[in-house]
Amino acid sequence: MSEQHGNGAAAKGSGGSRNGGRKTGPAPETGGPRESQTSGAANARQEHDQDQNRGTGQPFRQTPGRDSTRQTRSGWGRYLVAPKPVSWLPGGVPPIEASALFELLEEDPDVEPLRQVRPSRARGLGAIAGPLPMCPAVAVVAMPHERAQALAANPQIVVESDQPLSYPSAPAPAALAAPAADPAIGVTLGEPHQLTVRVTGSDGQSVGGAEVWATGTSMTSYAVTGADGRARLTLPADTPATLRSLFVRPVGGYWPTRTGRPQLLDDAAQSTELAVEVLALADTFEGFPDQPLVGWGTQAMRLHQIPPTYRGHGIRIALLDSGVDAHHPDLKDTVWHGADFTPGAEDDGWQSDATGHGTRCAGVVAAADNRNGMTGIAADAELHALKLFPGGRVSDLLDAIDRCVTHDIDLAQINLAFGQPSQLVAWKLLDAHAAGIAVIAPAGDTSAAITPLAALPTVLAVGALAHTGTYPPGSPVAAVQPPWPGPFPAPFTPVGPGVDLIAPGAAIVTTVPGNGYSVADGTALAAAHLTGLAALLLAHHDQLRSSPHPRTAERADHLMALLRTASRPVPGADHMRQGAGMPDAPIALGLPTVPPVYDGQEYMPSGPASQN
């Protein structure tokens, strides 16, 4: 059964408009998201977060014998049910009120109501999106798949799967080495081989917490190094000698590396322990992190050529991701607010980041200018960390978007995705657009089509650029870079219609949980570059200064138009992978400047190749 039972969301180029729509939406899991402030900025913004009501996740009345917390049974699924807006009803079909629909669901013996998703519009400039929101109130229910199909046949309502949120296929290091065979036809060993991989840095230190992938003839094994730098892998279908590659990704302080098969064979034949050395960031960036680093992405977009007073002050940015390490020295004075929408949410849950993904993007956008480590593009912006992963669902995303509306967010970067198009998310983003919120999202890291969310007409979809000379020779991206110098589309960036712009998204040095720094890849890093630049435009462009202009759909549209107009195609790159190209910051901000030259000679990226 298809996960999408309602009408499909309009894709870019299919008649969708960035000017349409008014809306409502969802709320948190039973009881709502939990939010708090970090202590460093609590006094400055205390009045802004006094209202804890970011949306009211209202439980249904409980029918005797029903347990709304019961685990979904076999053959059942979790669904979103909502009345269709009048404009979406077929001719002659009367609308149904949400209250009437929810009452019918309560009375249905085959449906277990879990909660209602009703947004709060009691405060904030976001109230301009009401009183006629596009996205209706939503019921979150559990029911048999067959019952969901039957309900979806009713032309008055929309029924969707409450899909789990995930990352848009993060770059797969194993896939860069060689595709694995189908496990269904793989031949496993009666007694799996054990392999120890010892990871040390070029500084002689054992590297703990490093992720290690071993790709064999038919399967990939994974482990994490302990404090002694050793990772112990079980090889179910390979001996050490038949491994095709090893990929090592340290948590911070070192470059990732890939070791190919020819380098493995000699050691593998002699021992069940392989040694891998990773290059320390301090060996490639002199004085880092004690001395501040200007990354190649900053140089490529010429962000280093704008006035130092352009810092995005007063702009509110929401990062919808895995939370942020709000205690990192580069982020503790920037990430002031947040909310946790994940299961078992805690008041300060958004201040921790289980994946590191949110922290990496936060560093690019708004790391503080404290004269060491790195500085974000919009260092004086106000960053809101909305935690949706792990465990969040589309219903939680709806609630988080509504929180952006009610908290007067200017820019929302949505780093999470879902597998099938969601009409409810499309409607909710129309609500956000009507409230003046510009939405930016990574196009995806599959090297195939862009994600359903990024394909929506209200979303700016961003692909990723890499640059020759920014990686050590042993890195996966270095192995696929072109022979000419300069920027080129990263191998994982999507191909196909819907990519709007492209930005630096490979070999990006940024913040990671635990007060450190690492090198990261992905279209989410590219989107973070665009989010930072967009904040500068809203704060400093003569036509977009936020103080004299309200948050409106027209302002969001104007912002997107300025970014596109200031973009230049990357020579040699396929239009289907870069859209209008890479924005040039001085041009976007309307500053007098010398036109950029993308021939690889304008600047030398501060990366490994430049140190040789």
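Residues numbered from 1 in each chain as written. Predicted model: local features only at pLDDT ≥ 70, side-chain atom pairs only at ≥ 80, totals over all residues. Heavy atoms only, no water.

Participant: Would you mind showing me how to read the overall build of the chain here?
Facilitator: The secondary structure content of the chain amounts to 14 helices and 25 strands. Within the chain, buried positions represent 58% of all 612 residues. Taking the contacts inside the chain whose residues are at least 6 apart along the sequence as the reference set, 78% of them involve residues at least 24 apart. When the accessible area of the chain is evaluated, it comes to approximately 23,200 Å², of which 52% is carbon and sulfur surface. (Helix = DSSP H or I, 4+ residues; strand = E, 2+ residues; numbered from the N terminus. Buried < 20%, exposed > 50% of the residue type's maximum accessible area, 1.4 Å probe, protein only. Contact = heavy atoms within 4.5 Å. Areas by Shrake-Rupley, 256 points an atom, 1.4 Å probe, with all protein chains shown as cover.)

Participant: Help me understand the sheet that holds strand 8 (residues 211-215), please; the structure alone is not making it clear to me.
Facilitator: For sheets, the rule is that strands pair by backbone hydrogen bonds, running either parallel or antiparallel. With respect to topology, 4 strands assemble into an open sheet ordered 9-8-11-12, the strand pairing being antiparallel. Looking at which strands have only one partner, the edges of the open sheet turn out to be strand 9 (220-224) and strand 12 (257-260). Averaged over all adjacent pairs, the angle separating strand axes in this sheet is 15 degrees, with direction ignored. Two elements, strand 8 and strand 9, share 5 bridges in a ladder whose sense is antiparallel. Each residue of the ladder has a partner; that of Ala214, found in strand 9, is Ser221. (Pairing = 2+ DSSP bridges. Axes fitted to C-alpha atoms, helices over the stretch in contact; angles between N-to-C directions.)

Participant: What's the story with unusual backbone geometry in this structure? I'm lost.
Facilitator: Glycine aside, residues mostly have negative phi, and peptide bonds are mostly found in the trans state. A cis amide bond, omega 5 degrees, links Phe288 with the succeeding residue Pro289. Look at the link from Phe389 to Pro390: it is a cis peptide, with omega at 0 degrees. With respect to the helices and strands, the residue Pro390 is situated in the loop between strand 16 (382-387) and helix 9 (394-406). Backbone geometry at Asp408 places phi at a positive 55 degrees, although glycine is not the residue there. By secondary structure assignment, the location of Asp408 is in the loop between helix 9 and strand 17 (411-414). Although it is not a glycine, Ala507 adopts a positive phi angle of roughly 60 degrees. By secondary structure assignment, the location of Ala507 is in the loop between strand 21 (501-504) and strand 22 (508-512).

Participant: What exactly am I supposed to notice about the sheet that holds strand 10 (residues 230-235) here?
Facilitator: An order of 10-7-13 is seen for the 3 strands of this open sheet, with the pairing classed as mixed. On the outer flanks of this sheet lie strand 10 and strand 13 (273-278), each paired with one strand and no other. Ignoring strand direction, the axes of neighbouring strands in this sheet form an average angle of 25 degrees. When strand 7 (residues 193-201) meets strand 13, the two strands line up parallel, connected through 6 bridges. Its bridge partner lying in strand 13, Thr196 is registered against Glu273.

Participant: Looking at this structure, how should I read the nonpolar core?
Facilitator: One recurring pattern in soluble globular proteins is that nonpolar side chains are buried together. Leu411, Leu530, Leu537, Leu559 and Leu563 are the most contacted members of the largest nonpolar core, which has 81 residues in total. The greatest single-element share of this core, amounting to 13 residues, is contributed by helix 11 (residues 523-540). Other than its neighbours up to four places away in sequence, Leu411 contacts Ile315, Arg316, Ile317, Ala318, Ile437, Ala438, Thr531, Ala534, Ala535, Leu538 and Leu559. The next biggest cluster of nonpolar side chains, apart from the first, holds 44 residues, and it includes Ala82, Ala318, Leu397 and Ile401. (Core = buried A, V, L, I, M, F, W, Y, C linked by side-chain atoms within 4.5 Å.)

Participant: Would you explain the pattern of salt bridges in this entry?
Facilitator: Should their charged atoms come close, side chains of opposite charge can pair. Tallied over the full model, the rule gives 19 salt bridges. Note that Asp431 is salt-bridged to Lys428, the shortest N-O span being 3.8 Å. Linking Asp431 with Lys428, this pair stays in helix 10 (residues 423-434), spanning 3 residues, or about one helical turn. As far as the burial class goes, Asp431 and Lys428 line up, both buried. (Salt bridge = Lys/Arg side-chain N within 4 Å of Asp/Glu carboxyl O.)

Participant: How do you make sense of the packing of helix 8 (residues 357-366) against helix 11 when you look at a structure like this?
Facilitator: The contact between helix 8 and helix 11 brings their axes to 8 Å, and the two run at 35 degrees. Considering how the two elements wind past one another, helix 8 and helix 11 form a crossing that is right-handed. Between helix 8 and helix 11, the residues in contact are His357, Arg360, Cys361, Val364 and Val365 and Ala524, Leu525, Ala528, His529, Thr531 and Gly532, respectively. Taken together, the residues of the contact of helix 8 with helix 11 sort by class into 6 nonpolar, 4 polar and 1 charged. (Left-handed = near helix turned anticlockwise from the far one by under 90°. Nonpolar A, V, L, I, M, F, W, Y, C, P; charged D, E, K, R; others polar.)

Participant: What should I look at first to understand the environment of Trp427 in this one?
Facilitator: Mapped onto the elements of the fold, Trp427 is located in helix 10. Relative accessible area serves as the criterion here: at 1%, Trp427 is assigned to the buried category. Linking Trp427 and Leu398, residues 29 residues apart in sequence, is a C-alpha distance of 9.6 Å.

Participant: Sorry if this is basic, but what is going on with the packing of aromatic side chains here?
Facilitator: Where two aromatic rings form a pair, the distance of their centres and the angle of their planes describe that pair. For the coordinates displayed, the defined rule picks out 8 aromatic pairs. Plain terms: the ring middles of Phe288 and Tyr517 are 5.2 Å apart, the flat faces sit at 65 degrees to each other, and that makes the pair edge-to-face. Residue Phe288 is found in the loop between helix 6 (281-284) and helix 7 (296-300), and its partner Tyr517 is found in strand 23 (residues 516-520); the two are separated by 229 residues along the sequence. Since its relative accessible area comes to 7%, Phe288 is described here as buried. Taken together, the ring pairs connect Trp255, Phe285, Phe288, Tyr471 and Tyr517 into an aromatic cluster. (Phe/Tyr/Trp six-rings, centres within 6.5 Å; stacked < 30°, edge-to-face > 60°.)

Participant: Would you explain the pairing of strand 17 in this entry?
Facilitator: The side chains of a regular strand alternate between both faces of the sheet. In strand 17, alternate side chains face the same way, and those of Leu411 and Gln413 on one face and Ala412 and Ile414 on the other are all buried. For strand 14 (residues 316-321) and strand 17, the ladder comprises 4 bridges, and the chain directions are parallel. Bridging across to strand 17, Ile317 finds its partner in Leu411. Relative to strand 18 (residues 438-442), strand 17 runs parallel, the two sharing 3 bridges. Along strand 18, the bridge assignment pairs Leu411 with Ala438. Note on the crossover from strand 17 through helix 10 to strand 18: the handedness is right-handed. (Right-handed = clockwise from strand over helix to strand, strands pointing away.)

Participant: Just to check I follow, could you spell out the packing of helix 11 against helix 12 (residues 553-565) for this structure?
Facilitator: Packed helix pairs are characterised by how far apart their axes lie and by the angle those axes make with each other. Running from amino to carboxyl end, helix 11 crosses helix 12 at an angle of 115 degrees, the nearest separation of the two axes being 11 Å. Classified by chirality, the crossing of helix 12 by helix 11 is right-handed. Residues Leu530, Leu533, Ala534, Leu537 and Leu538 of helix 11 touch helix 12, and the partners they reach there are Arg555, Leu559, Leu562 and Leu563. Residues that form the contact of helix 11 with helix 12 fall into these classes: 8 nonpolar, no polar and 1 charged.

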